[in-house]
Amino acid sequence: MRILPPCRICASSMVAISDGRAATSRLQEMHLRLGAKMTAFSGWSMPSHYAGWGGVKEHLHVRRQAGLFDVSHMTPVRITGTGRDDALVRFLERATVADVQGLPRGMGVPTVLPRDEKGAIQDTSLLVNAGDHFLLNTHAGRRDGSLGLLRRIAATGDFPGVELTPLLGCALLDLQGPLAAEALHAACDDCENEAQMDVVRSLPWLGSAVAHIAGQECRVTRCGFTGEDGFQILVGGSGGGIDGDTPHRQRTREELEEVASTLLAQPDVALAGLRARDSLRLEAGLPVIGQDFAPLTMADTMTTTTTTRAALPETMAEAGLLHLIAPSRRTLGFEGGFTGAATILPQLSAVAPCRRRIGLLGGDPKEVRCPPARPGAAVGVSGSAREVGVVTSGGVSPSLGMRPICLAYVDDEHATEGKELSIVIRGEERQFVVVALPFVPFNYKK
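Description of the structure in this document. Fair warning: this is a prediction, and the values are worked out from it, not measured in the lab.

1. Focus: the nonpolar core
At step 1: Core analysis: the biggest nonpolar cluster contains 32 residues, and Leu 175, Leu 184, Ile 213, Ile 233 and Leu 263 have the highest contact counts within it.
At step 2: Counting only elements with at least two residues in this core, the list comes to strand 6 (66-70), strand 12 (171-176), helix 5 (180-187), strand 13 (208-213), strand 14 (216-222), strand 15 (230-235), helix 6 (253-264) and strand 16 (269-271).
At step 3: Of the residues forming this core, the biggest block, five residues, is contributed by helix 5.
At step 4: With residues near it in sequence (within four places) discarded, Ile 233 still touches Ala 171, Leu 172, Leu 173, Leu 175, Leu 184, Ile 213, Cys 218, Arg 219, Val 220 and Leu 263.
At step 5: Membership of the second largest hydrophobic core comes to 22 residues, among which are Leu 88, Ala 95, Ala 98 and Leu 103.

2. Concerning the pairing of strand 5 (residues 44-50)
At step 1: Burial of strand 5 is extensive: seven of the seven residues sit out of reach of the surface.
At step 2: Pairing between strand 3 (residues 23-24) and strand 5: two bridges, direction parallel. What sits directly across from Ala 23, in strand 5, is Trp 44.
At step 3: The pairing of strand 4 (residues 36-41) with strand 5 spans six bridges and is classified as antiparallel. Of the residues in strand 5, the one forming a bridge with Thr 39 is Met 46.

3. A short note on the environment of Gly 290
At step 1: The residue Gly 290 is located in the loop between helix 7 (274-283) and helix 8 (316-319) in this model.
At step 2: In the structure, Gly 290 is positioned 248 residues away from Ser 42 in sequence and 9.6 Å away in space, judged by C-alpha atoms.

4. With respect to the pattern of salt bridges
Pairs may arise between side chains of opposite charge once their charged atoms sit close together.
At step 1: Scanning the model with the defined rule gives 18 salt bridges in all.
At step 2: Put simply, Arg 253 and Glu 254 hold a salt bridge, and the shortest N to O gap is 3.2 Å.
At step 3: For the salt bridge of Arg 281 with Asp 292, the shortest nitrogen-to-oxygen distance reads 3.1 Å. Taken as a pair, Arg 281 in helix 7 and Asp 292 in the loop between helix 7 and helix 8 lie far apart in primary sequence, eleven residues in all.
At step 4: By relative accessible area, which is 1% here, Arg 281 ends up buried.
At step 5: Taken together, the shared-partner salt bridges in this structure form one network comprising Glu 29, Arg 33, Arg 253, Glu 254 and Glu 257.

5. Side note on empty space enclosed by the protein
Using a probe with the size of a water molecule, rolled over the atoms, empty space left in the structure can be pinpointed.
At step 1: The tally for this structure, following the rule as stated, stands at two cavities of 30 Å³ or more.
At step 2: Computed from the structure, the largest cavity encloses a volume of approximately 80 Å³.
At step 3: Pro 76, Leu 126, Val 128, Leu 135, Asn 137, Leu 172, Arg 219, Thr 221, Gln 232, Ile 233 and Leu 234 are the residues that line the largest cavity.
At step 4: Listed by contribution, the elements that provide at least two residues to the lining of the largest cavity are strand 9 (121-129), strand 10 (134-137), strand 14 and strand 15.
At step 5: Of the residues in the lining of the largest cavity, the class split is seven nonpolar, three polar and one charged.

6. A closer look at the sheet that holds strand 5
At step 1: The strand order across the open sheet built from three strands is 3-5-4, with neighbouring strands paired in mixed fashion. Every other strand in the sheet has two partners, leaving strand 3 and strand 4 as the edge strands with one partner each.
At step 2: In the packing of helix 7 onto the sheet, contacts are made with strand 4 and strand 5, and the angle to strand 5 comes to roughly 80 degrees.

What counts as what
Residues numbered from 1 in each chain as written. Predicted model: local features only at pLDDT ≥ 70, side-chain atom pairs only at ≥ 80, totals over all residues. Heavy atoms only, no water. Core = buried A, V, L, I, M, F, W, Y, C linked by side-chain atoms within 4.5 Å. Buried < 20%, exposed > 50% of the residue type's maximum accessible area, 1.4 Å probe, protein only. Helix = DSSP H or I, 4+ residues; strand = E, 2+ residues; numbered from the N terminus. Contact = heavy atoms within 4.5 Å. Pairing = 2+ DSSP bridges. Salt bridge = Lys/Arg side-chain N within 4 Å of Asp/Glu carboxyl O. 1 Å grid on protein atoms, 1.4 Å probe; cavity = no way out; pocket = protein on both sides within 12 Å on 5 of 7 lines; lining within 4 Å. Points joined across faces, edges and corners; volume = space filled by probe spheres on them. Nonpolar A, V, L, I, M, F, W, Y, C, P; charged D, E, K, R; others polar. Axes fitted to C-alpha atoms, helices over the stretch in contact; angles between N-to-C directions.

Below, the structure is given as structure tokens:
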């Protein structure tokens, strides 16, 4: 184990994804056996869709029943501390914009990791208070940069006893859809025990607890990125042990597969890949880091995006993420503020950015066939050569009869709902209208 005083980093768990080799989930062999068509994604090889299904069918199954995604490319980091001088809380409040001190045990919160004092965004994440430790997800192509940022903060010497453990030996699953709670409850080992508290179905949105599936201890958190009810399931990581770094052993591939197989054995659950995940989140109007905002840097990975770097917002204000700053963290001048606070906090009261993220909806394909807009496409005023924005995400909506939809950043004066704008697709000007987000209403747990 590598020691970097005053913070212990479990370096033996790290796997490089910047050396030309694609990282893979520990469930890779299972995916291939079940007909997965693999795709490259930010340095990883992950399922795009599955034979006999396809992205549209998987998408609709998630909207109507429940889909199981492998999201192991979002590496969780287990963060612990000795408890002396509240170093762990202070560390997390330096690294994120969350109210860590006020985050109850068994609850999570979406947050942002500012990169530097200029206020640029390094990562967006879910932070979970698991009691004796915290869990913080990192995104695929940003993992190395995010871990480097956390290391640098820890290495200042201000947070003695803080330990970071990337949980690369685990599997991270997402069970999403209106029937996800019932399916997860049925898959739990204690589901038929009347005396056992209904841990899963009683969880509030962003609530987190330990459940047992196929004999394995799992950390389940009610959250998701599809607009539906759902759960993130960390398999083999709730005990924190990987690669022999702690007394808790790493789970075997067979044990991880058994958990996934138990979930898939539920009649309403089917596998779904990244293609469906992307169309689901697009219908929900949810932006993706690195594609819709905060371009990747050389410190993160060699991966690039199709959207030009200049077009992507890099700050919380430009990206429309200032609401993630906890109310208790919005005061300038307090001791131990988060990275970039002096730059970011004044944006709360500043004039709104000149560009806004909007949703654009195309026409009914039964009347006018329109290919989807692609990231980087210019948004203009109908009948004019004037460009007023840029598309950052585009596709078609299976839930809306395959109508083209996209997220775009446009000049504020053109962001009014009902405004007609145009996008040139395959050399032809296509008409879109500005609509309120999300395109499809959220179905989160109330």
